[in-house]
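Each chain, letter by letter, is given below.
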Amino acid sequence: MISVSEARKKIIDNCPQARVTLLPLIEAAGCVLADNVYSPIDSPHFDQSAMDGYAFRFDDWDGKSGFKVIGEVQAGNGSGIDLHSSEAIRIFTGAALPAGADTVVIQENVVKEGNLIKIVTNHLGKGSNVRLKGSQVKIKEQILNHGHVLSPATVAFLAGLGFTHVLVYSNPTVSIITTGKELIKPGEPLAEGKIYESNSLGLKAALQQINITPAAINTVDDEEEKIIKVIREQIKKVDILILTGGVSVGDYDFVTTALEKCGVQKVFHKVKQKPGKPFYFGVHQQTLVFALPGNPASVLTCFYEYVVDAISKQTKKQYFKSIQLPLTNDFSKKKGLTFFLKGKINKDGVSILPDQESYKMNSFALADCIVELGEEKEVVRKSEMVSVRMITD
Ligand code: AMP
Ligand code: MG
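Being a predicted model, the structure only gives us computed values, none of them experimental.

Cut-off values and rules
- Residues numbered from 1 in each chain as written.
- Chains lettered and ligands numbered in written order.
- Predicted model: local features only at pLDDT ≥ 70, side-chain atom pairs only at ≥ 80, totals over all residues.
- Heavy atoms only, no water.
- Near = heavy atom within 4 Å.
- Polar contact = N/O pair within 3.5 Å; in protein donor to acceptor, adjacent residues only side chain to side chain.
- Areas by Shrake-Rupley, 256 points an atom, 1.4 Å probe, with all protein chains shown as cover.
- Helix = DSSP H or I, 4+ residues; strand = E, 2+ residues; numbered from the N terminus.
- Pairing = 2+ DSSP bridges.
- Axes fitted to C-alpha atoms, helices over the stretch in contact; angles between N-to-C directions.
- Patch = residues over 30% accessible without salt bridge, like charges linked within 9 Å, V, L, I, M, F, W, Y side chains within 5 Å.
- Salt bridge = Lys/Arg side-chain N within 4 Å of Asp/Glu carboxyl O.
- Buried < 20%, exposed > 50% of the residue type's maximum accessible area, 1.4 Å probe, protein only.
- Left-handed = near helix turned anticlockwise from the far one by under 90°.
- Contact = heavy atoms within 4.5 Å.
- Nonpolar A, V, L, I, M, F, W, Y, C, P; charged D, E, K, R; others polar.

Novice: Can you explain the site of ligand 1? Please cite residues and give values.
Specialist: With respect to spatial proximity, 16 residues lie near ligand 1, and among them E182, E197, S198, G246 and G294 are the closest. Within the side chain of E182, one N or O atom sits 2.5 Å away from an oxygen atom of ligand 1. Between an oxygen atom of ligand 1 and a main-chain N or O atom of N295, the distance comes to 3.2 Å. Protein chains bury 78% of the 480 Å² of accessible surface belonging to ligand 1 in isolation. Mapped by element, the contributors of at least two residues to the shell around ligand 1 are β13 (174-179) and β15 (195-196).

Given below as structure tokens:
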């Protein structure tokens, strides 16, 4: 059995290099930029009015005389007009300034008589209410750095500059296989000895937290041949294969032998931890294989504590931050195993919830973090600082 830190290191050491992909902008939301980005245009692309009003040449204005309004320009149209001395043009927000104009007076600050306007404010300078060409960004200017995470605002910014695609680090593709003869779908009647299959849904929801949709979800019986068949189908298609159940030493635990028969190379099996001791990790060419013990709390714990690290290495994104917090209750544990405990953050720190057994999801359902207590720890006292992984957004 290896330690948690050894297991983490072995996983990272076996992760392939992050891949880069050109994605449609909207699909890249939340991803990390794989390159610096430069603006293909000046933005704004032309001098434009920031307000509804009248455009004119500031130097023509003596502070008292009026202007003749010789036309109008709506947003989206060119004016085709060349303004001369003492002339103004009706203009609207976002419309292009006609040649010769450099200033806009807002409509509230003019008095209009027929086609003449008089400006009735002193708070106007050359260039007022004008968004100059290139005043946001200039053509060829570097606008975003490699490593930037595409927020919704980033998406809007890039779309506004005409981008349709962007180079980002790819999300890995993931397939889930749950194993167990006892499993039936929620919604079906519960026959004797059967239980509702919940691991695939927990994993799918956890993947959704980090913007990944599993490519496939399969549930198979505890029969080696059937498990081998579905592993063979899935392993060549995805970057990460997650299995649940069947990795212990029971007579019907066929997953590790099935993986071996499919050519998966074992990196480790069994980690000094609770829950999830029988956790198995292997590789098949570029595909990482996580075979997690079937108890639902073990599955999600291993997902947050290990699978996410491998995904993070691919996407270059940090998920589920770890922080240090003081404990708000005492806790005793067995020495020699790292404990991952469902916790709840409160104003004084973090409390370890009751019902920590790996088959129980009642407290996990309420938890917002996982508290990690190292192998060497035995009694942990209130106010001691502990490592806490946040698992909710
Ligand atoms: P195993 O790792 O196959 O020995 O399973 C350990 C425990 O987890 C057993 O009580 C299983 O019935 C349960 N279990 C296994 N797979 C699932 C699943 N997909 N959903 C819910 N419980 C499961
Ligand atoms: Mg089983």
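Novice: Could you give me a rundown of the sheet that holds strand β9 (residues 116-119), with the residues and numbers involved?
Specialist: Whenever strands of a sheet pair, they do so through backbone hydrogen bonds, lying parallel or antiparallel. Within the open sheet, the six strands sit side by side as β7-β4-β6-β5-β9-β8. Their pairing is mixed. At either end of the open sheet lies a strand with only one pairing partner, and these are β7 (103-106) and β8 (110-113). Neighbour-to-neighbour, the strand axes of this sheet turn through a mean angle of 40 degrees, independent of strand direction. Inspection of the sheet shows strand β5 (residues 67-73) paired to strand β6 (residues 87-91) by four bridges, in the parallel sense. Note on β6: the bridge partner recorded for V69 is A88.

Novice: An account of a nonpolar patch on the surface is requested, with residue identities and associated values reported.
Specialist: Taken together, V20, L22 and L167 make up a surface patch of nonpolar side chains, about 250 Å² in accessible area. Relative to the assigned elements, L22 resides in strand β1 (residues 20-24). According to the relative accessible area criterion, L22 is exposed, its value standing at 54%.

Novice: Would you mind going over the packing of helix α3 (residues 199-209) against helix α6 (residues 296-315) in detail, with residue names and values included?
Specialist: Remark: α3 packs on α6, axes separated minimally by 10 Å, with the N-to-C direction vectors making an angle of 35 degrees. At the point where α3 passes α6, the crossing takes the right-handed sense. Of α6, the residues touching α3 (which contributes N199, G202, L203, A206, L207 and Q209) are P296, V299, L300, F303, Y304 and I311. Of the residues contributing to the contact of α3 with α6, the split by class is nine nonpolar, three polar and no charged.

Novice: Outline the environment of P214, supporting the account with residue identities and numerical values.
Specialist: Here P214 is to be found in the loop between α3 and β16 (216-220). Sequence separation between P214 and A28 is 186 residues; the distance between their C-alpha atoms is 17 Å. Other than its neighbours up to four places away in sequence, P214 contacts V174, I176, K204 and L207.

Novice: Quick one: what's the story with the environment of K347, residue by residue and with numbers?
Specialist: Mapped onto the secondary structure, K347 falls in the loop between β24 (338-346) and β25 (349-352). Between the C-alpha atoms of K347 and T328, which are 19 residues apart in sequence, the distance is 9.7 Å. At 3.4 Å, the side chain of K347 forms a polar contact with the side chain of D348.

Novice: Outline the side chain of T315, listing residues and values.
Specialist: In this fold, T315 is placed in helix α6. For T315, a relative accessible area of 2% gives the class buried. Polar side-chain contacts of T315 include one of 2.7 Å to the side chain of Y319. Setting aside its immediate chain neighbours within four residues, T315 contacts V32, Y169, S170, N171 and P172.

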